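# Close look at the chain arrangement
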Amino acid sequence: MNLKTIQTEIDASFLYGILADHEEDKNVAAVFREMSEIEQGHALAFAKKFNLNPANLPKPSGRAKTLALIGRILGYDYVLGVLLDTEKSISTAIAGARHRTKSSSSISDTAHVTILKNILNSSKTVSGSNLARFEKRHRSVGGNALRAAVLGGNDGLVSNFSLVMGIAGATSGQDEVLLTGLAGLLAGALSMALGEWISVRSSQELYENQMNLEMEELEANPAGEEKELALIYLSKGIPEAQAAQMAKEVIENKGHAHEILVKEELGINSEDLKGSAMEAAITSFILFAIGAIIPVIPFFFLGGLKAVFFSALLSAIGLFGIGSAITLFTGKSVWYSGFRQVLFGLMAAAITFWIGKWIGVSIAG
């Protein structure tokens, strides 16, 4: 019996229930509640298959409770972002379990995000504005922001830890290592910030250019754009006559037509242009710096091997914490992910330390 699969369903049910409890719109909350019941039903079905007493089903895991805590602190859109990110892995786990048990598949086994959208679309009580709000939240940076925070801290910690160890191996001076560590922190954080700023601005400029071209096409050839829009609607399964009428109505309002064409033809949403490049740059700088300062801290107070030891100890604790945080997205064991992160981080630092030692001896000699 794959208890991990059942645990995944229990966690998903728990988190959808949390979202339902904290959703202000009662109709959207009802959708989340329905998804919670679907996930609970999956867990009960697997329990029945393996003759497990439903009363003995596992409770929500520490990972799920941590996500609920994050939601309480940072907002429940973060939980929704992470939860939707895990749906693919949930579907894969269910498909594997059904294959092993040779049980028949169900349409609800896969693409739970699609199920959620279908429930929203078919619900007469969910308004178009609420559906649009969910779509915006679905595309929101909930899960991605948490992941970026973890990976940004990891980049800063691993790179600066390795740098500090390399210099510590090459020299025995406290000041040299401290200076190098702070320089590495600033250089890395500034590089990350600049890279993020360029990435966001480049994407925005590309989208803006594509939108301007689309407006020029709409002004120069509205009939052609109307035909393209009708074909898009037709490809979505809308009857030909209805698709043509919808496209005609849209083209009559140039501003609305441009917005629809940009979304349907180019796949660009106006919300994508509202992100602040400077905000992204500052966030990247801070996240990298937080990770990068950890291995430097002991060198403010100590020198020599004692500082190296405490730097490695603090970095190992930080690496374990980052590895544990990554399990919020992967669902892997905290101990496995944490110690794997520690192992790889210490290996990288050890390699640079001995290379630095070798270079230092060679120069001194």
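One structure accompanies this document, and this report is about it. Once a new chain begins, its residue numbering starts again from 1 and follows that chain's sequence as written. This being a predicted model, a pLDDT of at least 70 is required before a residue's local features are given, and a value of 80 or more before pairs of side-chain atoms are given or counted; all residues contribute to the totals for chains, interfaces and linings. No hydrogens and no water enter the side-chain calculation; it runs on all heavy atoms of the structure.

The subject of this paragraph is the overall build of the chain. Here a helix means four or more residues in a row that DSSP labels H or I, a strand means two or more in a row labelled E, and each is numbered from the N terminus. Assigned secondary structure in the chain consists of 14 helices and zero strands. Scanning the chain from its N terminus toward the C terminus, one meets helices and strands in the order α-α-α-α-α-α-α-α-α-α-α-α-α-α. Any residue under 20% of the maximum accessible area for its type is buried, any over 50% is exposed, and the rest in between are partly exposed; the area is computed with a 1.4 Å probe on protein chains only. In the chain, buried positions account for 40% of the 365 residues. The criterion used for residue contact is that any of the two residues' heavy atoms lie within 4.5 Å. Considering only contacts within the chain whose residues lie at least 6 apart along the sequence, 71% involve residues at least 24 apart. When the accessible surface of the chain is split by element, carbon and sulfur atoms take 62% of a total near 19800 Å². Note on areas: Shrake-Rupley, 1.4 Å probe, and residue coverage restricted to the protein chains presented here.

This part is about the packing of helix α1 (residues 3-21) against helix α3 (residues 62-74). Angles run from 0 to 180 degrees between N-to-C directions of axes, and those axes are lines fitted to C-alpha atoms, restricted for helices to the stretch in contact. For the pair α1 and α3, the least separation of the axes is 9 Å and the interaxial angle reads 20°. As far as their axial angle goes, α3 and α1 are roughly parallel. In terms of crossing hand, the pair formed by α1 and α3 is right-handed. Facing α1, whose interface residues are D11, F14 and L15, α3 presents A64, K65, L67 and A68. In this classification, the charged set is Asp, Glu, Lys and Arg, the nonpolar set is Ala, Val, Leu, Ile, Met, Phe, Trp, Tyr, Cys and Pro, and all remaining amino acids, among them Gly, are polar. Of the residues that constitute the contact of α1 with α3, the class distribution is five nonpolar, no polar and two charged. Here roughly perpendicular refers to angles of 65 to 115 degrees, roughly parallel to angles under 35, roughly antiparallel to angles over 145, and oblique to all remaining angles. Take the far helix as your reference; a near helix turned counterclockwise from it by less than a right angle gives a left-handed crossing, and one turned clockwise gives a right-handed crossing.

It is worth spelling out the packing of aromatic side chains at this point. Stacked, tilted and edge-to-face are the three classes applied to pairs of Phe, Tyr and Trp rings, where Trp contributes its six-membered ring and a pair requires centres within 6.5 Å; stacked means planes under 30 degrees apart, edge-to-face means over 60, and tilted covers the rest. Scanning the entire structure with this criterion turns up seven aromatic pairs. Look at F320 and W335: their rings are 5.6 Å apart centre to centre, the planes differ by 50°, and that puts the pair in the tilted class. In this pair, F320 sits in helix α13 (residues 304-330) while W335 sits in helix α14 (residues 334-364), placing the two residues 15 residues apart along the sequence. Judged by relative accessible area, which is 22%, F320 ranks as partly exposed. Here W335 falls in the exposed class, since its relative accessible area comes to 58%. Taking 5.3 Å as the distance between ring centres and 90° as the angle between the ring planes, the aromatic pair formed by F353 and W354 counts as edge-to-face.

Moving on: the environment of P60. Tracing the backbone through its elements, the reader meets P60 in the loop between α2 (26-49) and α3. The spacing of P60 and A12 is 48 residues in sequence and 8.7 Å in space, taken between C-alpha atoms.

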